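Residues per chain are reported as follows:
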Amino acid sequence: MTETAEPRARRTHILADLTPLRTSPAYRRLWFGNTVSWIGQGMTALAVSLQVYDITGSAFSVGLIGFCSLVPLIVFGLYGGAVADTVDRRKLGLFSALGSFTLSVVLVASALVGVEHVGLLYAIVALQAVCFALNAPARASMIARLLPAEQLPAANALTTMTSTTGTLVGPMLGGLIVGWWGYRAAYTVDAVCFTASLYAMWRMPSMLPDRKDGDTRKRASVLDGLRFLGTRPNLRMTFFTDLCAMVLAHPRALFPVVAVLWYGGDAKTTGLLVAAPALGALLGGVFSGWLGRIRRHGLAVLLAVGSWGAAIAVFGLTRELWLGLLFLALAGCADTVSMVFRNTMLQAAVPDELRGRLQGVFIVVVAGGPRLGDFLAGSVADLASPAVAVTGGGVLCVTGVALLAFKWRAFARYDARDPQP
């Protein structure tokens with residue numbers, strides 16, 4: 001190897017591994033369509049919030065948007081996973097994406113004719129959550145069928161880049177477009193973006209669940225998926241560790257408070273605090289090339305979640321804004337590492353006939369965990385102080401992960417070369 005080739009190889013190992021995009025055209029279309037649609041959804045989420053506030057002038061009414069999306073995600077998350085284990089996942093993904101596209105068109109039409117009714121916006125947000133709850137398990141279950149097992153960590157790192165890019169870029173573009181051209185333009189761009197996801201699903205091969213009994217007509221049971229999870233300690237640990245992070249050490253709800261009390265800032269400071277974990281997560285995905293060489297996925301999850309808790313605990317002790325942003329970014333990076341390996345374990349260690357249902361459970365945990373964390377952080381901050389809520393939550397997260405690792409020691413020995421659920 002020449003002197004110039006060696007540094008280039010090292011950079012390739014550090015940066016995100018693009019092998020899944022090169023080797024699988026179907027995955028490449030799926031990833032690109034999902035990335036574009038995530039950006040569009042981020043734009044619409046902000047535009048809807050702005051429009052609700054314009055109509056009502058009420059912060060409470062804006063907060064109800066989150067409730068309208070949370071309930072369908074939790075209720076239909078498990079159901080969507082069961083459907084994904086019953087029908088052709090390609091058709092389920094296509095029809096649910098078509099539903100989301102139709103709802104975007106409804107938003108465009110309502111803006112064009114000047115309909116300003118909060119109830120309509122709430123209904124559309126709730127139906128969008130239903131479509132997402134049906135689409136996400138089908139889409140996630142496809143990845144393990146499109147790629148070999150050794151490429152799953154790289155694929156999941158690319159997926160985290162998709163979601164964090166949408167979280168960062170989507171609202172920013174949405175705010176600019178609404179400010180320049182109004183709600184109609186933002187909703188129209190979102191509808192156009194969704195065509196990329198529709199095209200990806202349209203080109204996807206048929207993907208019926210691989211039933212061991214061969215009976216594809218039998219409806220998959222949500223309870224069967226939960227029973228399977230209840231008897232598989234390694235898979236349970238992926239959810240327990242995530243709950244430690246998202247419930248015990250999730251200070252997002254306190255950002256407006258700490259921006260003022262700790263840093264003497266304002267809404268702009270709050271925006272920086274919100275963006276820092278997402279930026280850290282994005283950088284974690286960009287520099288994720290080394291993750292594919294890790295075989296002890298369980299140990300990696302424990303270290304990553306413990307690092308999240310430690311970073312949040314130190315953030316609670318900082319009173320310099322730049323230092324607080326740094327530790328939030330480190331927490332976001334640790335979250336990416338955890339997400340990559342937890343997703344990989346769910347894809348590699350779960351039989352294909354159950355992947356949809358386990359992904360449904362994953363959606364419920366991801367949707368519900370942070371909301372519980374917001375409630376817990378706010379309650380503790382009100383009873384004690386924001387510092388106690390943030391630092392105490394981080395310490396509890398690290399302690400909880402340590403206790404889980406001690407209780408289920410085999411999880412740290414999980415080997416990607418022999419994935420055992």
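Anyway, here's the lowdown on the structure attached to this text. (Residues numbered from 1 in each chain as written. Predicted model: local features only at pLDDT ≥ 70, side-chain atom pairs only at ≥ 80, totals over all residues. Heavy atoms only, no water.)

## A few points about the packing of helix α7 (residues 152–181) against helix α12 (residues 267–286)
Then comes step 1: Here α7 crosses α12 at 150 degrees, and the two axes come no closer than 8 Å. Between α7 and α12, the angle is such that the two are roughly antiparallel. Every pair of crossing elements has a handedness; the one defined by α7 and α12 is left-handed. Across the interface between the two elements, A157, T160, M161, T164, T165, T167 and L168 from α7 touch A275, A278, L279, A281, L282, G285 and V286 from α12.
Then comes step 2: Split by residue class, the contact of α7 with α12 holds 9 nonpolar, 5 polar and no charged. (Axes fitted to C-alpha atoms, helices over the stretch in contact; angles between N-to-C directions. Helix = DSSP H or I, 4+ residues; strand = E, 2+ residues; numbered from the N terminus. Parallel < 35°, antiparallel > 145°, perpendicular 65-115°, else oblique. Left-handed = near helix turned anticlockwise from the far one by under 90°. Contact = heavy atoms within 4.5 Å. Nonpolar A, V, L, I, M, F, W, Y, C, P; charged D, E, K, R; others polar.)

## Re the pattern of salt bridges
Then comes step 1: Applying the stated rule across the entire model yields 8 salt bridges.
Then comes step 2: R89 is paired through a salt bridge with D352; the nearest N and O atoms lie 2.9 Å apart. A residue pair is termed long-range when its members are at least 10 positions apart, and R89 in helix α5 (residues 89–112) and D352 in helix α15 (residues 352–383) qualify at 263 residues.
Then comes step 3: Note on D352: relative accessible area 9%, which makes it buried.
Then comes step 4: Several salt bridges converge on common partners, so that one network encompasses D85, R89, R145, D352, R355 and R357. (Salt bridge = Lys/Arg side-chain N within 4 Å of Asp/Glu carboxyl O. Buried < 20%, exposed > 50% of the residue type's maximum accessible area, 1.4 Å probe, protein only.)

## Concerning the nonpolar core
Side chains that are nonpolar tend, in soluble globular proteins, to be buried together.
Then comes step 1: Counting residues in hydrophobic clusters, the biggest one holds 55 residues, and the most contacted among them are F239, L273, W308, F315 and L358.
Then comes step 2: Examining the composition of this core, we find that 10 residues originate from one element, helix α14 (residues 321–348), more than from any other. (Core = buried A, V, L, I, M, F, W, Y, C linked by side-chain atoms within 4.5 Å.)

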